Amino acid sequence: MKITNARVIVCSPGRNFVTLKIETDEGLTGIGDATLNGRELSVASYLTDHVIPCLIGRDAHQIEDIWQFLYKGAYWRRGPVTMSAIAAVDIALWDIKAKAAGLPLYQLLGGASRTGVMVYGHANGRDIAETTDEVLRYAELGYKAIRAQSGVPGLDKVYGVGRGRLFYEPADADLPSEHDWSTEKYLDHTPKLFDAVRSAIGWDHHLLHDVHHRLTPIEAARLGKSLEPYRLFWMEDATPAENQEAFRLIRQHTVTPLAVGEIFNTIWDCKDLISQQLIDYIRATVVHAGGITHLRRIADFAAMYQVRTGCHGATDLSPVCMGAALHFDLWVPNFGVQEYMRHTDETDAVFPHAYSFDRGFMHPGEAPGHGVDIDEAMAARYPYQRAYLPVNRQQHDGTLWSW
Ligand code: KDG
Ligand code: MG
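**Examining the packing of helix H1 (residues 40-55) against helix H3 (residues 80-101)**
In step 1: Following both chains from N to C, one finds H1 and H3 inclined at 55 degrees, their axes separated by 9 Å at the closest point. Relative to H3, the element H1 lies oblique. Both H1 and H3 take part in a crossing whose hand is right-handed. Of the residues in H3, those in contact with Ser42, Val43, Tyr46, Leu47, Val51 and Leu55 of H1 are Val81, Thr82, Ser84, Ala85, Ala88 and Val89.
In step 2: Along the lines of polarity and charge, the residues of the contact of H1 with H3 split into nine nonpolar, three polar and no charged.

Quick look at the structure:
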């Protein structure tokens, strides 16, 4: 089955998404997600200018060979733009292969290892009371695992605290907006948040928290230790992970489980974290970590060290990535949890999908392929709109900090 054509579709039904569509001489088509929040057009150009010309005429069934060709053949390896582009091709080709087989993608990976995929939702509020109410609302919606983020007294804007309920969208401005950050205020506030949330919800639900790369290793160790009484499922991105060794220091001080990796692109970004057992959950996901083909490699490596998966699933990953991730999650033996931030109705309409949510669990559905499509006519009604993620500055002196 030969690839005859491929093209990039950029649309913005509430936020930007980049989608690759691959066509074959047998009439089968597949789609892949190539969205990289705030840098969408770089991936679109990488695909259009450098990848698509190399795809035409290749055998669509040769997923592994095409992956290796795009990874090794570029000479310049890794990085989010390259790996998102490779992922888009990989997702689209798995979609085509599964459609050709007449099977849902998870069957090609080895079949279902579980009846459903446990997902966590995002509860957030301007203060502790509002966040606690939201956590209880998520529990009522059936979620078994809930991430809690709250506004911090003395800080105007805080990561994870959205403008609208259920649909949190951080890429909110034509140029990056600037937020204030105070480690002291955050460290003082967060244990109080989980004290209130645990008292309200009890012990039957998993609670999660995202630090979003803002603490130094010793500060992260202090937070992890102070959260131990509330038994978190995980503390995420406690410190920036370029220096993987930094996590050893956090580990020495706390048994709060650690999750890392939503911004990782390859197995090399997490090799030491996994093999030295410095983390408990790996958050790399399909679109930013080289597609199903590469994520599977990361998961198998992680399984050797009892590190489980917890794929990133924010709204800036399109429904195409969500669909592919759910097939992966249903199969992967060392599954932990899947993040699920609901997309807006406009986005769901542009990307009709077979996946569904039921009482805290999701299922990718039984449609052949990954089960997600794109309505191109509707997508054309939502042109690209430049949008950036914010930046952070230290409140006391304006020093630029990790957002
Ligand atoms: O584009 C950035 C978002 O995907 C990120 O801020 C979301 O940290 C995030 C999460 O855990 O969902
Ligand atoms: Mg995160």
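**With respect to the pairing of strand E4 (residues 117-125)**
In step 1: Counting buried positions along E4 yields nine of nine residues, so the element is predominantly enclosed.
In step 2: By the alternation rule, side chains of E4 split into Val117, Val119, Gly121, Ala123 and Gly125 and Met118, Tyr120, His122 and Asn124, which are all buried.
In step 3: Where E4 and strand E14 (residues 361-363) come together, two bridges link them in antiparallel fashion. Bridge pairing in E14 places Met118 opposite Phe361.
In step 4: Alignment of E4 against strand E5 (residues 145-150), held across six bridges, turns out to be parallel. Its bridge partner lying in E5, Asn124 is registered against Gln149.
In step 5: Tracing the backbone out of E4, into helix H5 (residues 128-140) and back to the parallel element E5 gives a crossover that is right-handed.

**Details of the packing of aromatic side chains**
In step 1: All chains considered together, the criterion is met by 14 aromatic pairs.
In step 2: Judged by centre distance (4.9 Å) and plane angle (75 degrees), the ring pair of Tyr75 and Trp76 falls under edge-to-face. For the pair Tyr75 and Trp76, one class covers both residues: exposed.
In step 3: Grouped by ring-pair contacts, the aromatic residues Tyr120, Phe233, Trp234 and Tyr281 constitute a single cluster.
In step 4: The ring of Trp203 has Arg231 lying over it, and the distance from NZ or CZ to the ring centre is 4.3 Å.

**A word on the site of ligand 1**
In step 1: The immediate surroundings of ligand 1 are formed by 15 residues, with Tyr159, His212, Glu262, Asp316 and Glu339 found nearest.
In step 2: The separation between an oxygen atom of ligand 1 and a polar side-chain atom of His212 is 2.8 Å.
In step 3: Interatomic distance of 2.9 Å between a side-chain N/O atom of Asp316 and an oxygen atom of ligand 1.
In step 4: Contact with the protein chains hides 95% of the accessible area of ligand 1, taken as 330 Å² for the molecule alone.

**Observations concerning the domain arrangement of the chain**
In step 1: Per the domain assignment, the segments of the chain are domain 1 (3-103) and domain 2 (109-367).
In step 2: The gap between the C-alpha centroids of domain 1 and domain 2 is 26 Å.
In step 3: Our count for the contact surface shared by domain 1 and domain 2 stands at three salt bridges.
In step 4: Taken together, the connections running from domain 1 to domain 2 amount to eleven residue pairs in polar contact (both at pLDDT 80 or more).
In step 5: Secondary-structure elements contributing two or more residues to the side of domain 1 that touches domain 2 are strand E2 (17-24), strand E3 (29-33), helix H2 (63-73) and H3.
In step 6: Looking at the side of domain 1 that touches domain 2, the element that brings in the most residues is H3, giving eight residues.
In step 7: The residue makeup of the side of domain 1 that touches domain 2, split by class, is 16 nonpolar, seven polar and five charged.

**Concerning H2**
In step 1: Buried within H2 we find Ile63, Ile66, Trp67, Leu70 and Tyr71. Seen along its axis, H2 keeps its buried residues to an arc of 125 degrees; they face one direction.
In step 2: Backbone geometry just after H2 places Tyr75 at a positive phi near 70 degrees.

Rules and cut-offs
Each chain carries its own residue numbering, running from 1 in the direction its sequence is written. Here the convention is simple: chains get letters from A, ligands get numbers from 1, in the order in which they are written. Residues qualify for local features only when their pLDDT is at least 70, as the model is predicted, and side-chain atom pairs are given and counted only at 80 or more; totals for whole chains, interfaces and linings, by contrast, use all residues. To obtain the side-chain values, all non-hydrogen atoms of the structure were used and water was disregarded. Fitting a line to C-alpha atoms yields each axis, with helices limited to the stretch in contact; the angle taken between N-to-C directions then spans 0 to 180 degrees. Secondary structure counts use DSSP, requiring at least four H or I residues in a row for a helix and at least two E residues in a row for a strand, with both numbered from the N terminus. An angle below 35 degrees is treated as roughly parallel, one above 145 as roughly antiparallel, one from 65 to 115 as roughly perpendicular, and anything else as oblique. Left-handed is the label given to a crossing in which the near helix is rotated counterclockwise from the far helix by less than a right angle, and right-handed is the label when the rotation is clockwise. Contacts are residue-level and defined by heavy atoms, with any inter-residue pair within 4.5 Å sufficient. Classification used: nonpolar for Ala, Val, Leu, Ile, Met, Phe, Trp, Tyr, Cys and Pro, charged for Asp, Glu, Lys and Arg, polar for all others including Gly. Only protein chains enter the calculation, and the probe is 1.4 Å; a residue is then buried if its accessible area is under 20% of its type maximum, exposed if over 50%, and partly exposed in between. Paired strands are those between which DSSP finds at least two bridges. If you view a crossover with the strands going away from you and the path from the first strand over the helix to the second runs clockwise, you call it right-handed. In summary, the pairing rule links any two rings of Phe, Tyr or Trp, Trp by its six-membered ring, whose centres are within 6.5 Å, and it sorts them by plane angle into stacked for under 30 degrees, edge-to-face for over 60 and tilted for everything else. Here, a charge over a ring means that NZ of Lys or CZ of Arg falls within 6 Å of the ring centre while also lying within 35 degrees of the ring normal. Throughout, near means a residue has at least one heavy atom within 4 Å of the molecule or strand. As used in this structure description, the phrase polar contact means that two N or O atoms lie within 3.5 Å; if the pair is within protein, one of them must be able to donate a hydrogen and the other to accept it, and residues adjacent in sequence are counted only when both atoms belong to side chains. Here the accessible surface of atoms and residues is derived via Shrake-Rupley with a 1.4 Å probe, and residues count as covered only by protein chains that are part of the display. A domain assignment, automatic or from a database, supplies the domain bounds used here. The term salt bridge refers to a pairing of a side-chain nitrogen on Lys or Arg with a carboxyl oxygen on Asp or Glu at a separation within 4 Å. An arc is given here, and it is the one of the directions from the helix axis to the C-beta atoms.

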